[in-house]
Amino acid sequence: MPAEGGAEPPAPLPVGRPSPTAEERGLPDTADHLARMRAAAPLVQNITNFVAMNVMANAMLAIGASPAMVHAEDEAAEFVPLAAALSINIGTPDARWAEAMCAAAAAARAAGRPWVLDPVAVGATRFRRDLGARLLAQAPTVIRGNASEILALAGGTQAGRGADAADSVAAAEGAARDLARRSGAVVAVTGPVDFVTDGARAARVANGHPMMPRVTALGCALTGVVAAFVAEADAFDATLAAIACYGIAGEMAGATAAGPGSFQVAFLDTLAALDPDEVRARARIVAA
Ligand SMILES: Nc1ncnc2c1ncn2[C@@H]1O[C@H](COP(=O)(O)OP(=O)(O)OP(=O)(O)O)[C@@H](O)[C@H]1O
Ligand SMILES: Cc1ncsc1CCO
Ligand SMILES: [Mg+2]
C-alpha cells in the first residue's frame, strides 16, 4: 500500500545483476573485436588513393593491423589470396587502376576473402559512376562511405562536393538499407553519427569528434581499419566495432588537440594506445 499522499517507492535495483552486456542487447562487444583483430594482426591489401596511402597505412599499423598497399594491375589480383582482407578506394582512379581494382575484387570474391569498398566521390563523374557499378557487381562484403557517396552509389541524387559529404547521414539511411539488400553488403554511412546496416539489422555509432572530417583521408583510413576487423569476424558486428574504436580514438585525441595538425598526431598515438576496457566503456552503439 502506498504511503499516504505519496506514490509507491521505486522497486529496489536488483542486487548483483549487472546491466546487460552489449552482446546480450544483440550488439557487438567492441573490446572483444579489437582484441581479436590485434591478436591476428591481419595482413590487409589496400588499393587506395594517392592522398590516403600514408595516412591509411599509419592508422592501420597504429591500431594493430598489417597494411600492404598493392595496386598495380600487374600484381594486385595475384596478391589477394595472400592477404586476409582487401580494401578498394576509388579516390584517385585512372583507367589502369580501375582494371586492377576490378580484377582484385573478382579475385577476392573467388578466394572467399572479405573486401571493403570505399566509393570516394562516386557521383561526381561518369568514370566514377561506371567504376562504382563494376565494383558493386563484385559483391563487396562492406561498403563504407559518407552520406553523399552512399546516396550516389545507391542510384539517388546527392549534393556531395568531390570527396566531401554535403548530405546528412539521416538522409542516406533509406538508401543504405536499400543498397545493403540489393548488394548483400553491410553498408556503413559515416558522419557525425554513423549508420550501419546489413539490410535487416541496423545500428548507429555516436562516437567521433568534429575534428575528424578536417583531416584528409581519415575516412579512407577507417575503410582499411574496417577491412582489418572484418577479416576476423562477422561483417555487421565487425564493422560496428571498427567504427566505434575509431570514433573513440577520435574523441580522445580531440580532447587534447589544438587543431587538425596536432589532432592527426594525437589520433595515431591514441589508436595505438586504445585499451579494450576503455573501449568497452566508451562505445556508443545503439540499435536503429
Ligand atoms: N562531425 C563529426 N563528428 C564526429 N565524428 C565525425 C564527424 N564527421 C565525421 N566523423 C567521423 O570521421 C570518420 C570519417 O568519416 P567521414 O564521413 O568524414 O569520411 P569521409 O567523408 O569518407 O572522409 P575522407 O574521404 O576525407 O577520408 C568516421 O569515423 C566518422 O564517424
Ligand atoms: C581529397 C581527396 N581527393 C581525392 S581522394 C581524397 C582523399 C579523401 O577522400
Ligand atoms: Mg571518403
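Residues numbered from 1 in each chain as written. Chains lettered and ligands numbered in written order. Predicted model: local features only at pLDDT ≥ 70, side-chain atom pairs only at ≥ 80, totals over all residues. Heavy atoms only, no water.

- Labelled according to an unreviewed UniProt entry, the protein appears under the name Hydroxyethylthiazole kinase, originating from Falsirhodobacter algicola.
- What UniProt records for the protein under Cofactor (unreviewed entry) is the sentence "Mg(2+)".
- Heading Pathway (unreviewed entry) of the UniProt record for the protein holds this comment: "Cofactor biosynthesis; thiamine diphosphate biosynthesis; 4-methyl-5-(2-phosphoethyl)-thiazole from 5-(2-hydroxyethyl)-4-methylthiazole: step 1/1." (UniProt positions renumbered as here; feature names shortened; annotations may be inferred.)

Side note on the nonpolar core
Turning to step 1, where the next piece is worked out: Counting 56 residues, the largest nonpolar core has Ile63, Phe229, Tyr246, Phe263 and Phe267 as its most contacted members.
Turning to step 2, where the next piece is worked out: Put simply, the parts of the chain that give this core at least two residues each are helix H1 (30–40), helix H2 (53–63), strand E6 (186–190), strand E8 (202–205), helix H8 (218–230), helix H9 (235–254) and helix H10 (260–273).
Turning to step 3, where the next piece is worked out: Among the elements that make up this core, the one with the highest residue count is H9 (13 residues).
Turning to step 4, where the next piece is worked out: Excluding anything up to four places from it in sequence, phenylalanine 267 contacts Met212, Leu218, Tyr246, Ala249, Gly250 and Ala253.
Turning to step 5, where the next piece is worked out: Grouped together as the second largest cluster of nonpolar side chains are 41 residues, Ala98, Ala108, Val122 and Ala147 included. (Core = buried A, V, L, I, M, F, W, Y, C linked by side-chain atoms within 4.5 Å. Buried < 20%, exposed > 50% of the residue type's maximum accessible area, 1.4 Å probe, protein only. Helix = DSSP H or I, 4+ residues; strand = E, 2+ residues; numbered from the N terminus. Contact = heavy atoms within 4.5 Å.)

What to know about the side chain of serine 148
Turning to step 1, where the next piece is worked out: Tracing the backbone shows serine 148 in helix H6 (residues 147–153).
Turning to step 2, where the next piece is worked out: A distance of 3.5 Å separates a polar atom in the side chain of serine 148 from the backbone nitrogen of glycine 160.
Turning to step 3, where the next piece is worked out: Among the polar contacts listed, one links the side chain of serine 148 to the backbone nitrogen of alanine 166, at a separation of 2.8 Å.
Turning to step 4, where the next piece is worked out: Non-local contacts of serine 148, meaning those with residues more than four positions away in its chain, are made with Gln158, Ala159, Gly160, Ala165, Ala166 and Asp167. (Polar contact = N/O pair within 3.5 Å; in protein donor to acceptor, adjacent residues only side chain to side chain.)

A short note on the site of ligand 2
Turning to step 1, where the next piece is worked out: In the vicinity of ligand 2, the contacting residues are Asn49, Val51, Gly91, Val120, Ala163, Thr216 and Cys220.
Turning to step 2, where the next piece is worked out: Relative to its unbound accessible area of 280 Å², ligand 2 is 71% covered by the protein chains.
Turning to step 3, where the next piece is worked out: The class makeup of the residues in the shell around ligand 2 is 4 nonpolar, 3 polar and no charged. (Near = heavy atom within 4 Å. Areas by Shrake-Rupley, 256 points an atom, 1.4 Å probe, with all protein chains shown as cover. Nonpolar A, V, L, I, M, F, W, Y, C, P; charged D, E, K, R; others polar.)

Details of the UniProt feature "binding site: substrate" (unreviewed entry) in the protein
Turning to step 1, where the next piece is worked out: The UniProt record annotates "binding site: substrate" (unreviewed entry) at Met69 and Ala217.
Turning to step 2, where the next piece is worked out: Following the sequence through the fold, methionine 69 ends up in strand E2 (residues 66–69).
Turning to step 3, where the next piece is worked out: For methionine 69, the contacting residues outside a window of four places in its chain are Asn46, Thr48, Met53, Met56 and Ala57.
Turning to step 4, where the next piece is worked out: With respect to the helices and strands, alanine 217 occurs in the loop between E8 and H8.
Turning to step 5, where the next piece is worked out: You can call alanine 217 buried: its relative accessible area is 10%.
Turning to step 6, where the next piece is worked out: Setting aside its immediate chain neighbours within four residues, alanine 217 contacts Val51, Ala52 and Val55.

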